[in-house]
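Coordinate analysis (summary)
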Amino acid sequence: ELKQVTDNVAHELRTPITRIRGIAETTLNSSADRNEFREMAASVIEGSDRIIEMINTMLEITRTDSGVAELVRTSLNLREIIREAVDLFKPLAEDKNIALQLEIPPGDILFSGDRSRIQRAVANLIDNAIKYTSSGGLVKVSARSHPTGIKVIIADTGPAIDEKDISHIFDRFYRGDESRSTPGSGLGLSLALTLIRAHGGDIFVKSSPGRGNTFTITLPGPPLPS
Ligand SMILES: Nc1ncnc2c1ncn2[C@@H]1O[C@H](COP(=O)(O)OP(=O)(O)OP(=O)(O)O)[C@@H](O)[C@H]1O
Ligand SMILES: [Mg+2]
């Protein structure tokens, strides 16, 4: 199991590093002028930053999984957190001509959790919904508090996730074939699931052709008394 994970990591990191190396090598072997060297340096920095981010995300996943990274729990109002997350993604949705809707019943949705980690999990799901839904689509974010717990639902009208992919999308580095034209590292859902599970919750996905994809985050109740 550990060996398998290490092999994957080695492979996933080798690919982007090989690409960066290729850029540098090509420039070095050509009669590039100063400007072309500047461009090369900029590409190398950009590519390196992406790899550093991947490594940081991997570390966050392993530390959270193993319990080394402890949650910093405070009393949160998910209503606010979700509204902020939706506001943050408004410009991106507008750029892509996607309607981003927020649907929360009146009243606070209180939960004791780690603010930045819950924010990150919700953001990763909204990011995917916008990223994989084509122009003219709809992304709807809703949240509800039940006596038994809290549900946060992110639904999109994008193409349904392939049946062969659905059991793998929460795996580290896994990306659907159809998604390869879109930038990403395949770590977003693994991190989101790890963060939500650390809070005693879970994430479920339902996909059906013509009806899009629905990701449901569940968090344990009962909510704190208000
Ligand atoms: N809302 C969605 N609609 C369609 N496909 C999705 C959706 N969410 C996830 N997927 C599929 O699941 C895969 C894994 O998602 P994940 O968020 O883990 O990685 P990513 O988006 O490819 O990259 P990253 O999030 O690390 O930038 C995606 O590559 C895509 O194929
Ligand atoms: Mg993602």
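Residues numbered from 1 in each chain as written. Chains lettered and ligands numbered in written order. Predicted model: local features only at pLDDT ≥ 70, side-chain atom pairs only at ≥ 80, totals over all residues. Heavy atoms only, no water.

1. Concerning the pattern of salt bridges
So the rule is basically this: One side-chain nitrogen of Lys or Arg within 4 Å of one carboxyl oxygen of Asp or Glu is enough to make a salt bridge.
In this structure the tally under the stated criterion is ten salt bridges. Here R197 ties to D202 by a salt bridge, and the two come within 3.4 Å at their closest N and O atoms. One connected set of salt bridges, linked through shared partners, spans E60, D114 and R117.

2. Structural notes on the packing of helix α3 (residues 78-95) against helix α4 (residues 115-131)
We apply this condition: Angles run from 0 to 180 degrees between N-to-C directions of axes, and those axes are lines fitted to C-alpha atoms, restricted for helices to the stretch in contact. Secondary structure follows DSSP: runs of H or I at least 4 residues long count as helices, runs of E at least 2 residues long count as strands, and numbering of each begins at the N terminus. Put simply, a crossing is left-handed when the front helix is turned counterclockwise from the back one by less than a right angle, and right-handed when it is turned clockwise. Should any heavy atoms of two residues lie within 4.5 Å, those residues are considered in contact. As a working rule, the residues Ala, Val, Leu, Ile, Met, Phe, Trp, Tyr, Cys and Pro are called nonpolar, Asp, Glu, Lys and Arg charged, and the rest polar, with Gly in that last group.
One can describe the packing of α3 onto α4 by two numbers: an axis separation of 10 Å at closest approach and a directional angle of 40°. When the axes of α3 and α4 are compared, the crossing they make is right-handed. Taken together, the residues of α4 that come into contact with α3 (itself represented by L78, I81, E84, A85, V86, F89, L92 and A93) are R115, I118, Q119, V122, A123, I126, D127 and I130. Considered class by class, the residues forming the contact of α3 with α4 number twelve nonpolar, one polar and three charged.

3. Focus: the site of ligand 1
Just so we agree on the cut-off: Here a residue counts as near a molecule or strand whenever at least one of its heavy atoms sits within 4 Å of it. N or O atoms within 3.5 Å of each other form a polar contact, as long as, within protein, one can give a hydrogen and the other can take it, and as long as residues adjacent in sequence are counted only when both atoms are side-chain atoms. Computed by Shrake-Rupley with a 1.4 Å probe, the accessible areas treat only the displayed protein chains as cover when residues are assessed.
Taken together, 19 residues are adjacent to ligand 1, and N128, Y132, R175, S179 and L189 come closest. The backbone of G176 places a nitrogen or oxygen atom 3.0 Å from an oxygen atom of ligand 1. Here an oxygen atom of ligand 1 sits 2.8 Å away from a polar atom, N or O, in the main chain of L189. Protein burial of ligand 1: of its 600 Å² of free accessible surface, 92% is covered by the chains. Taken together, the elements giving at least two residues each to the shell around ligand 1 come down to α4, α6 (188-198) and β7 (212-220).

4. Here we look at the side chain of T64
Position of T64 among the secondary structure elements: in helix α2 (residues 34-66). Within the structure, the side chain of T64 is placed 2.6 Å from the backbone oxygen of E60, a separation counted as a polar contact. Sequence-distant contacts of T64, defined by excluding residues within four places in its chain, comprise A69, R117, T194, L195 and A198.

5. A word on unusual backbone geometry
Stated formally: Think of it in three bands: residues with accessible area under 20% of the maximum for their type are buried, residues over 50% are exposed, and the middle band is partly exposed, with areas taken using a 1.4 Å probe on protein chains only.
Not every positive phi belongs to a glycine, and N97 is a case in point at roughly 55°. According to the relative accessible area criterion, N97 is partly exposed, its value standing at 48%. Backbone geometry at F173 places phi at a positive 70°, although glycine is not the residue there. Here F173 lies in the loop between α5 (163-166) and α6.

6. Description of the environment of S30
Counting through the fold element by element, S30 comes out in the loop between α1 (2-29) and α2. Among the polar contacts made by the side chain of S30, one reaches the main-chain carbonyl oxygen of T27 at a distance of 2.9 Å.

7. What about the sheet that holds strand β4 (residues 138-146)?
To be explicit about the condition: The pairing criterion for strands is at least two bridges between them, as found by DSSP.
If you trace the five strands from one edge of the open sheet to the other, you get β2-β4-β5-β7-β6, paired in mixed fashion. In the strand order of this sheet, the two ends are held by β2 (99-103) and β6 (202-208), each with one partner. If you compare each strand with its neighbour and ignore which way they point, the axes differ by 15° on average. As judged from the seven bridges shared by β6 and β7, these two strands associate in the antiparallel manner. By the bridge assignment for β7, S207 is matched with N213. On the sheet, α6 packs against β6 and β7 and is oriented at approximately 135° with respect to β6.

8. A short note on the nonpolar core
Looking at soluble globular proteins, one finds that nonpolar side chains tend to be buried together. Applied cut-off: Definition used in this section: a nonpolar core is a set of buried Ala, Val, Leu, Ile, Met, Phe, Trp, Tyr and Cys residues joined via side-chain atoms within 4.5 Å. The split of the chain into domains comes from an automatic or database domain assignment.
Formed by 48 residues in total, the largest nonpolar core has its most connected members in L78, L100, I118, I126, I154, I203 and I217. Elements that contribute at least two residues to this core include exactly α1, α2, α3, α4, β4, β5 (149-156), α6 and β7. The element contributing the most residues to this core is α4, with eight residues. Both domains that furnish three or more residues to this core are identified here as domain 1 (2-66) and domain 2 (73-220). Ignoring anything within four residues of it in the chain, the contact list for I126 reads A85, V86, F89, L100, V141 and I154.

9. A word on the confidence of the model for the chain
How we decide: The quantity known as pLDDT measures the predictor's confidence residue by residue, on a range of 0 to 100.
Averaged over all residues, the pLDDT of the chain is 93; the fraction at 70 or higher stands at 95%. Summarising per-element confidence for the chain, the mean pLDDT is lowest in α1 (86) and highest in α6 (98).

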